[in-house]
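Overview (structure and organization)
Residue-level listing of the chains:
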Number of protein chains: 2
Amino acid sequence: MGTFKITYQVTVQQGEQIDQKVEGMCLEQTTELPRGVLNAGIEEKAVGKPVGREQLGEEQYRVVISWPIADVGDDISQFLNILYGNISLQPGIRILNGEWSKLYKIVFEGPSYGIDGIRNKYDISSRPLSSTALKPLGSSPSELADLCYRFALGGIDIIKDDHGLANQEFAPFEERVEACVSAIKQAAQKNGRRSYYYPNITAFASESVERYKKAAQMGADGVLICPHITGLETMHRLARLEVDLPIIAHPAFSGGLTTHETQGLSPGFLYGQLWRALGADFVIYPNKGGRFTFTTEECKAINRAARDEESPFKKSLPMPAGGIKMQNVERWIQEYGQDTAFLIGGNLYEHADGIQAASEQFCQKISQN
Amino acid sequence: MGTFKITYQVTVQQGEQIDQKVEGMCLEQTTELPRGVLNAGIEEKAVGKPVGREQLGEEQYRVVISWPIADVGDDISQFLNILYGNISLQPGIRILNGEWSKLYKIVFEGPSYGIDGIRNKYDISSRPLSSTALKPLGSSPSELADLCYRFALGGIDIIKDDHGLANQEFAPFEERVEACVSAIKQAAQKNGRRSYYYPNITAFASESVERYKKAAQMGADGVLICPHITGLETMHRLARLEVDLPIIAHPAFSGGLTTHETQGLSPGFLYGQLWRALGADFVIYPNKGGRFTFTTEECKAINRAARDEESPFKKSLPMPAGGIKMQNVERWIQEYGQDTAFLIGGNLYEHADGIQAASEQFCQKISQN
């Protein structure tokens, strides 16, 4: 079945040697026994093998390990385990990227639409996309639908639920979807231009599937999901269903993995490469300059991985959120390019001229850049 | 519906004020909009409220925030989102513990057996439990069954699959379970004493449910699951099924949450408190002195939370793993007490006298202490 490769940034801790640490990783993620008690057949077929190393600093290395696909089978859960199961608990190991074209179709199938599919579906040939979020939590379906109507009149392409809107009493899922789908249609009748509504379907895996189907039946245009809450594989399952709504992935609950400099998964790897493999058509990430802490370079690494032409998967559309305001959106378009969906939330709500006017200004900037 | 409280360790970053940071948390996890655009009703009913603060160091505070249960509804996914959704992406916020008795039965129901249930089921009145793992990955069902037989002859209480045994070609799930269940029975016939086999059922949520049912049908005694791979709520669903096998929770893929000093979830909170609420009968954690990095104090905090008498949930049985060897098991029994399941893996495999003799020695130490 062959192998796939993962590249790590390995920082040796006091008293550790790089050789031993890498040897430890090769065993920890597979056989979990010392070589002395392994028979030669298993040692050969199951244990990871270091295939590259480069020193990055006094105590830091870039290390490439090759893993047998047979250890994974066709199973995303077991892939995640080999990727970052036990080593998640050891210091100084950070995943930088994967060379896993061989896993395409065996383990992962990627987005069902991707950038080209979304552009085609919405007939938006080359410009960036505009997007926003319906909030706050605590609002009723009719309040959310009213916001949705005004955003749609203002011309926003994608109007998604806030990821905190689940199935609470104040705005149950079905009532909310019904009200917002209807608001989108009314706005389209009024201004002759269609916006697209994406409800949040984050829930237990099987309920996410039910809400996905229900959203499609009720006329929603796509869905939002927090894969680190539903379980990562849930997103992949949704992307494979016959019901075929595009998926926006939201990073809630994922920060433990990406915000530590010497541990976890690099943002480019997690939000760009892995989420793409797992079927995200849109990848929301916390943009530089907002309430979160990624650097511009990390944000660009996410964009690069999401759109990488070498990857066998359809491309994901980066959806930076946070830190984007009316007065700087041009700058971010320059920085990130046309294949981006820009998400402005709070700044549209705060706008002195109201939500519709704010949305119109945002969309004008999107169209002109 | 009332409120529940979460206690955080908040470390202010350069340029931050503690008041602003806590205010930011209260909004970020709920309405995600500035107060200026919230109406008074929503501000009152939906936004978190700081209800306690204590300074721990120059830049560090212990902060208690009270959250409306209405923001969660009865939904574990949305609970996880309020708990650590967007703030997972911000620096300096670590969850220390939850005061959530009010969520009992509304959101969480806890283990179906718990410590008393397990002791009762296995007729083990007060001593610690012994446990081990079947490995390595790459072994065939008959090789794993042969190991299982020898561990069982040696008297180990709980023999679990390594968490890397999924459904790979070399040892498909059903063949493996069939072979190991049979090995357990043969050993029981020979030595008149029953061991208990727990296969790994970690997979996509609905498949975990199928494997859980299949394991019960085939005569397995319990199951192992990696909740951070299946999705945390999957464990809770399993614990609620009519099929009623005890559940061991394994920490693979969770390290990003617990190994950073100023971010994430404290080990006591995640492995002790949250996993217990989510239905883990046994809680595996990486013990001090093994290949991982928790301190003895952190390990004891897990034990305390798992067994806390004040909590409305049945108690979870701590299952420290890593760093426990034949020559130090007495010390760990002294340290952690009788209500503990000690897991020795590699050290039994490496033993000069073979697996059965090693297991007998381990069980003797367990019985005498």
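Residue positions are counted from 1 within each chain, in the order its sequence is given. To read the labels, note that chains go from A and ligands from 1, taken in the order they are written. Two thresholds apply to this predicted model, a pLDDT of at least 70 for residue-level local features and 80 or more for giving and counting side-chain atom pairs, whereas whole-chain, interface and lining totals are computed over all residues.

Let's shift gears to helix α13 (residues 329-336) of chain B. Note: α-helices contain 3.6 residues per turn, so residues at a spacing of three or four share the same orientation. All names here are of chain B. To sort residues by burial, count the other C-beta atoms lying within 10 Å of each one's C-beta; a count of 20 or more means buried, 12 or fewer means exposed, and anything in between means partly exposed. C-beta atoms are built from the backbone. In this text, helices come from DSSP runs of H or I with a minimum length of four residues, and strands from runs of E with a minimum of two, each type numbered from the N-terminal end. Within α13, burial applies to V329, W332 and Y336. Seen from one end, α13 has its buried residues packed into an arc of 60°, which puts them on one side. For the purpose of contact definition, each residue receives a C-beta atom placed from its backbone, and two residues are in contact when these atoms lie within 7 Å. As for α13, its buried residues are in contact with α12 (296-307), β12 (317-321), β13 (341-343) and α15 (355-368). With its phi angle positive at about 90°, G337 sits one or two positions after the end of α13. In this description, one arc is meant: the one made by directions from the helix axis to the C-beta atoms.

Residue and element names in this part refer to chain A. Paired strands, in this sense, are two strands between which DSSP finds at least two bridges. Reading across from one edge, β2-β3-β1-β4-β10 is the order of the five strands in this open sheet, with mixed pairing throughout. Each edge of the sheet is formed by a strand with only one pairing partner; in this case those strands are β2 (49-57) and β10 (264-265). Here strand β1 (residues 3-11) pairs with strand β4 (residues 93-99) via six bridges, running antiparallel. Note on β4: the bridge partner recorded for I6 is G98. Against the sheet, helix α11 (residues 267-277) makes contact with β4 and β10, and its axis sits at roughly 35° relative to β4, the strand it touches most. Axis definition: a line fitted to C-alpha atoms, over the contacting stretch in the case of helices. Angles run 0 to 180 degrees between N-to-C directions.

Once that is clear, we can look at the domain arrangement of chain A. All names here are of chain A. Segmentation of chain A into domains returns domain 1 (3-103) and domain 2 (114-368). Contacts between the two partners involve 14 residues from domain 1, matched on the other side by 11 residues from domain 2. When contributions to the side of domain 1 that touches domain 2 are tallied by element, the ones reaching two or more residues are α3 (76-84) and β4. For the side of domain 1 that touches domain 2, the element with the most residues is β4, which contributes six residues. Amino acid classes used here: Ala, Val, Leu, Ile, Met, Phe, Trp, Tyr, Cys and Pro are nonpolar; Asp, Glu, Lys and Arg are charged; the rest, including Gly, are polar. In the side of domain 1 that touches domain 2, the residues fall into seven nonpolar, six polar and one charged. Throughout the structure description, domain borders are defined by an automatic or database domain assignment.

The next thing to look at is the sheet that holds strand β2 (residues 49-57) of chain B. Residue and element names in this part refer to chain B. In space, the five strands of this open sheet follow the order β2-β3-β1-β4-β10, with mixed pairing throughout. Where the open sheet ends on each side, the last strands, each with one partner, are β2 and β10 (264-265). Bridge analysis of strand β4 (residues 93-99) against β10 gives two bridges, and the strand direction is parallel. Residue pairing across strands places R94 opposite G264, the latter belonging to β10.

In this complex, chain A contributes 73 residues to the contact, which on the side of chain B involves 73 residues. Of all the secondary-structure elements, those providing two or more residues to the side of chain A that touches chain B are α1 (18-28), α2 (40-46), α3, α7 (205-217), α8 (227-230), α9 (232-240), α10 (255-258) and α14 (346-349) of chain A. No other element matches α3 of chain A, which puts six residues into the side of chain A that touches chain B. Here the residues of the side of chain A that touches chain B are counted per class, giving 28 nonpolar, 33 polar and 12 charged.

Time to look at the nonpolar core. Among soluble globular proteins, nonpolar side chains are generally buried collectively. By convention the nonpolar core is taken to be a set of buried residues drawn from Ala, Val, Leu, Ile, Met, Phe, Trp, Tyr and Cys and joined through C-beta atoms within 7 Å. Of all hydrophobic cores here, the largest spans 248 residues; its most connected members are C148 and V283 of chain A together with C148 and V283 of chain B. The contact partners of V283 of chain A, leaving out residues within four places of it in the chain, are A249, Y271, G272, W275, I302, A306, S316, P318 and M319 of chain A.

Quick look at unusual backbone geometry now. Most peptide bonds adopt trans geometry, and most residues besides glycine take a negative phi value. All names here are of chain A. Here K135 and P136 are connected by a cis peptide whose omega angle stands at 5°. Positionally, P136 belongs in the loop between β5 (129-134) and α5 (141-153). Of note in this structure, E32 is not a glycine but carries a positive phi near 55°. If you trace the backbone, E32 turns up in the loop between α1 and α2. A residue is classified by how many C-beta atoms lie within 10 Å of it, and E32, with 20 of them, is buried.

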